[in-house]
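# Observations on chain architecture
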Amino acid sequence: LRNLSFTGNPGETLTILGKTGSGKSPILDLIARLYDVNDGTIRIDDKPVEEINLDSLRSAIGAVPQDAFLFSDTIENNIRFGREQAGLEQIREAAAQAVVDKNIEGFAKGYQTVLGERGITLSGGQKQRVSIARALIKDPVIYLFADCLSAVDTETEEAILANLKRASRDKTTIIVSHRISSAINADKILVLEDGRILQQGTHSELLETEGYYKELYINQLSGKEN
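## Digging into helix H7 (residues 154-167)
When the terminal C-alpha atoms of H7 are compared, their 20 Å separation across 14 residues agrees well with the 20 Å that a helix rising 1.5 Å per residue should span. Turning to H7, its buried residues number three or more, namely Thr156, Glu157, Ile160, Leu161, Asn163 and Leu164. The buried residues of H7 all sit within an arc of 165° when viewed along its axis, so they share a single face. Lining the buried residues of H7 we find helix H4 (88-97), helix H6 (124-138), strand E5 (142-146) and strand E6 (172-176). A distance of 3.1 Å separates the backbone nitrogen of Glu155 from a side-chain oxygen at the start of H7, and that oxygen is part of Asp153.

Right under this line is the structure:
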């Protein structure tokens, strides 16, 4: 990442797009302090992230990685991992927001279904949605989504993003994605290339400019129609 600067305000959704290796995922890792910057500063509420207690920082973040990690435990406990004191009704509500409740209720044991190691019992899309439910039930200040809707269809993705928009009215949401559909309703869009910001703006603003975003939009729209 080089000469990269942006602000995510409370209530805003910021989507980051770019080719593989452009620097999207390291931004999320740096915010969560999986490692620190060599130069420059990340600030939360105008305070350098290094000065924030690490436990407090991570308690304030609901992160969903691209490779959803689930435990060999019940679906209920996998979602409850986001908030240990959560009751079953709260778990059901989070699952509904993540549009996975109907899938869970379709299993013979419902929320008591025990998953295989790393969630092998579920499909890729179901694993991602259970992980999203875990982040939602945590009710954090910051959401970090790392291409975690890649295995769901676009209709389900739209429903999840609409639910997330309602759940994050006063929170900051950062979504890393390869899909234009994850960016259309974002308040800000960053397009990265080689660790730098290539383009930035809203969906409508970027469609008025020739470049990567408009090309990606046309290609993905054409693929959807086909």
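## Describing the pairing of E5
Among the 5 residues in E5, 5 count as buried, and that is most of the element. Both faces of E5 are covered, namely the face carrying Ile142, Leu144 and Ala146 and the face carrying Tyr143 and Phe145. The pairing of strand E4 (residues 61-64) with E5 spans 4 bridges and is classified as parallel. Of the residues in E5, the one forming a bridge with Gly62 is Tyr143. Relative to E6, E5 runs parallel, the two being bridged by 5 bridges. Within E6, the residue paired with Ile142 across the bridge is Thr172. Regarding topology, H7 serves as the crossover connection from E5 to the parallel E6, and that connection is right-handed.

## Describing the pairing of strand E8 (residues 196-201)
Bridging between strand E7 (residues 188-193) and E8 involves 5 bridges; their strand directions are antiparallel. Each bridged residue has a counterpart across the sheet, and for Leu190 the counterpart in E8 is Gln200. Counting the residues between successive antiparallel strands, the hairpin from E7 to E8 contains 2 residues, one of them, Asp194, with a positive phi of roughly 50°.

## Considerations on the packing of H6 against H7
Packing of H6 against H7 brings their axes to within 12 Å, and their N-to-C directions diverge by 5°. Looking at the two axes, H6 sits roughly parallel to H7. Judged by residue contacts, Arg129, Ile132 and Leu136 of H6 engage Thr156, Ile160, Leu164 and Ala167 from H7. Class assignment of the residues belonging to the contact of H6 with H7 gives a composition of 5 nonpolar, 1 polar and 1 charged.

## So, the pattern of salt bridges
The tally for this structure, following the rule as stated, stands at 11 salt bridges. Between Asp36 and Arg33 there is a salt bridge whose closest N-O contact spans 2.8 Å. The partner of Lys171 in a salt bridge is Asp139, and the shortest N-O contact between them spans 2.8 Å. Here the residue Lys171 occupies a position in the loop between H7 and E6, and Asp139 occupies one in the loop between H6 and E5, the gap between them amounting to 32 residues. Take Asp139: its relative accessible area is 43%, and that puts it in the partly exposed class. Shared partners join several salt bridges into a network, and the residues in it are Glu89, Arg92 and Glu105.

## Examining H6
In a regular helix each residue adds 1.5 Å, so 15 residues correspond to 21 Å; H6 covers 22 Å between its end C-alpha atoms and thus fits that length. Most of H6 sits out of view: 12 of its 15 residues are buried. Tucked into the core, H6 has its buried residues touching E4, helix H3 (75-80), H4, helix H5 (101-105), E5 and H7. Directly after H6, the chain includes Asp139, whose backbone phi takes a positive value near 50°.

## Notes on a nonpolar patch on the surface
Judged by side-chain polarity, Phe69, Phe71 and Phe81 come together as a nonpolar surface patch covering roughly 280 Å² of accessible area. In this structure, Phe71 sits in the loop between E4 and H3. The exposure class of Phe71 is partly exposed, given its relative accessible area of 31%.

Each value, and the rule that gives it
Residues numbered from 1 in each chain as written. Predicted model: local features only at pLDDT ≥ 70, side-chain atom pairs only at ≥ 80, totals over all residues. Heavy atoms only, no water. Helix = DSSP H or I, 4+ residues; strand = E, 2+ residues; numbered from the N terminus. Expected span 1.5 Å × (residues − 1). Buried < 20%, exposed > 50% of the residue type's maximum accessible area, 1.4 Å probe, protein only. Arc of directions from axis to C-beta. Contact = heavy atoms within 4.5 Å. Polar contact = N/O pair within 3.5 Å; in protein donor to acceptor, adjacent residues only side chain to side chain. Pairing = 2+ DSSP bridges. Right-handed = clockwise from strand over helix to strand, strands pointing away. Axes fitted to C-alpha atoms, helices over the stretch in contact; angles between N-to-C directions. Parallel < 35°, antiparallel > 145°, perpendicular 65-115°, else oblique. Nonpolar A, V, L, I, M, F, W, Y, C, P; charged D, E, K, R; others polar. Salt bridge = Lys/Arg side-chain N within 4 Å of Asp/Glu carboxyl O. Patch = residues over 30% accessible without salt bridge, like charges linked within 9 Å, V, L, I, M, F, W, Y side chains within 5 Å. Areas by Shrake-Rupley, 256 points an atom, 1.4 Å probe, with all protein chains shown as cover.

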